[in-house]
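Residue strings, one per chain:
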Amino acid sequence: MEHGAARQANRLYSAVTIFEEAQEFVASIPVEYASARKIRERNKLYYRFNHWPIWIFVFFIAPGPLTFDLFERGFDSRMMWWLGAVLLGTGIAGLRGRLPGVEPRPYIIRFTEDRPNPLYRRVCYTFAWSEVITFAVLNIAGLIWAIATGEWHLKQIYQYAYFPMAGLIWVLGAFGQLPRVKASTKGEGHERRYFYGSVWAVCWAQPVLWLMWKVVPRTRAGDSVKLVVFVAILAFMGNLARLGRLPRTRPIVPGEIAVSD
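A. Highlighting the nonpolar core. Membership of the largest hydrophobic core comes to 17 residues, with the highest contact counts inside it found for W55, F59, L99, W129 and F195. Of all the secondary-structure elements, those providing two or more residues to this core are α2 (45-60), α4 (77-95), α5 (119-149) and α7 (188-215). Ignoring sequence-local partners within four residues, the contact set of F195 consists of Y125, A128, W129 and R180. Counting 16 residues, the second largest nonpolar core, distinct from the first, contains V132, L143, A201 and F230.

See below:
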């Protein structure tokens, strides 16, 4: 009896501790009270149309070596055909409501609800994760190589390393091991923070790196500046996202109702 009472007391103490830690976490960053937002029964046409270009871009840059050529040499016939295929594929998916944000009505309304995560969401967010991670990692690797050897081999790095790294992320997505790509949408209120925080960081850091690649001399000192600035932007934006200071990076309080894109 005494052992049973002790176990129950330990469980109660653990539950109270977890609750207090959760409350402390929520209080330390701004939260989004979804119940204060108007719930959409349907997505307006302009809202759906505005989300389509996002997925056009995601799938268009999926072939990393081709994207590298685009920024190095400009648009060519290969990219024209690939863009046409992406426009056709995403257009058909959008008309069928099979792109996140392009659905006729929001799929996720209650963030803590244990609903099956549709295949189209898992595929789209898997590709988005692969680009967010792979482009950043390969650019850092190329800069480190240039600083260490004094030679640029970023093109070769993309040719030989892009698809193995992106492929690994695709496999993780297929097994539901990425935020927003899991079999259930139950953790969406927090998982979307990781996704949008990563997107914000990369969307600021990558254009700055591309600009520096064009204007900063390709010397060890210049490449060191590129690396420091690139990593600093990633870290700064990532920290802002962690603190919930960027759009869609605030946690959704459990039990509240909201619409997810």
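Anyway, onward from the coordinates.
B. Layout of a nonpolar patch on the surface. Together, F71, W210, L211 and V215 make up a nonpolar patch on the protein surface, roughly 410 Å² of accessible area in all. No other element matches the three residues that α7 contributes to the nonpolar patch. Following the sequence through the fold, F71 ends up in helix α3 (residues 64-73).

C. The pattern of salt bridges, seen in detail. Overall, the coordinates contain nine salt bridges when judged by the stated rule. For R180, the salt bridge is made with E188, and the minimal N-O distance between the two is 2.2 Å. Taken together, the shared-partner salt bridges in this structure form one network comprising D69, E72, R73, D76, R78 and K155.

D. Structural context of helix α6 (residues 154-174). Given a rise of 1.5 Å per residue, 21 residues ought to cover 30 Å, and the 28 Å separating the end C-alpha atoms of α6 matches this to within 8%. At A161, α6 shows its strongest bend, of approximately 45 degrees, with the proline P164 following within four residues. Along α6, the residues classified as buried are L154, I157, Y158, Y162, A166, G167, I169 and G173. In this structure, the buried residues of α6 make contact with α3 and α5. Among the residues trailing α6, G176 stands out with phi positive, at a value near 70 degrees.

E. The arrangement of the packing of aromatic side chains in detail. For the coordinates displayed, the defined rule picks out 14 aromatic pairs. Where F68 meets W213, the ring centres are 6.1 Å apart and the plane angle is 50 degrees; that geometry is what we call tilted. Within this pair, whereas F68 is found in helix α3, its partner W213 is found in helix α7, the two being separated by 145 residues in sequence. W213 sits in the buried class, given a relative accessible area of 14%. Ring centres 5.6 Å apart and planes at 75 degrees place the aromatic pair W129 and F195 in the edge-to-face group. Taken together, the residues W129 in helix α5 and F195 in helix α7 connect sequence positions 66 residues apart. Among the aromatic side chains, those forming a connected cluster through ring pairs are F68, F135, Y158, Y162, F163 and W213.

About the criteria used
Residues numbered from 1 in each chain as written. Predicted model: local features only at pLDDT ≥ 70, side-chain atom pairs only at ≥ 80, totals over all residues. Heavy atoms only, no water. Core = buried A, V, L, I, M, F, W, Y, C linked by side-chain atoms within 4.5 Å. Buried < 20%, exposed > 50% of the residue type's maximum accessible area, 1.4 Å probe, protein only. Helix = DSSP H or I, 4+ residues; strand = E, 2+ residues; numbered from the N terminus. Contact = heavy atoms within 4.5 Å. Patch = residues over 30% accessible without salt bridge, like charges linked within 9 Å, V, L, I, M, F, W, Y side chains within 5 Å. Areas by Shrake-Rupley, 256 points an atom, 1.4 Å probe, with all protein chains shown as cover. Salt bridge = Lys/Arg side-chain N within 4 Å of Asp/Glu carboxyl O. Expected span 1.5 Å × (residues − 1). Bend = angle between axes of the 7 residues up to and from the residue. Phe/Tyr/Trp six-rings, centres within 6.5 Å; stacked < 30°, edge-to-face > 60°.

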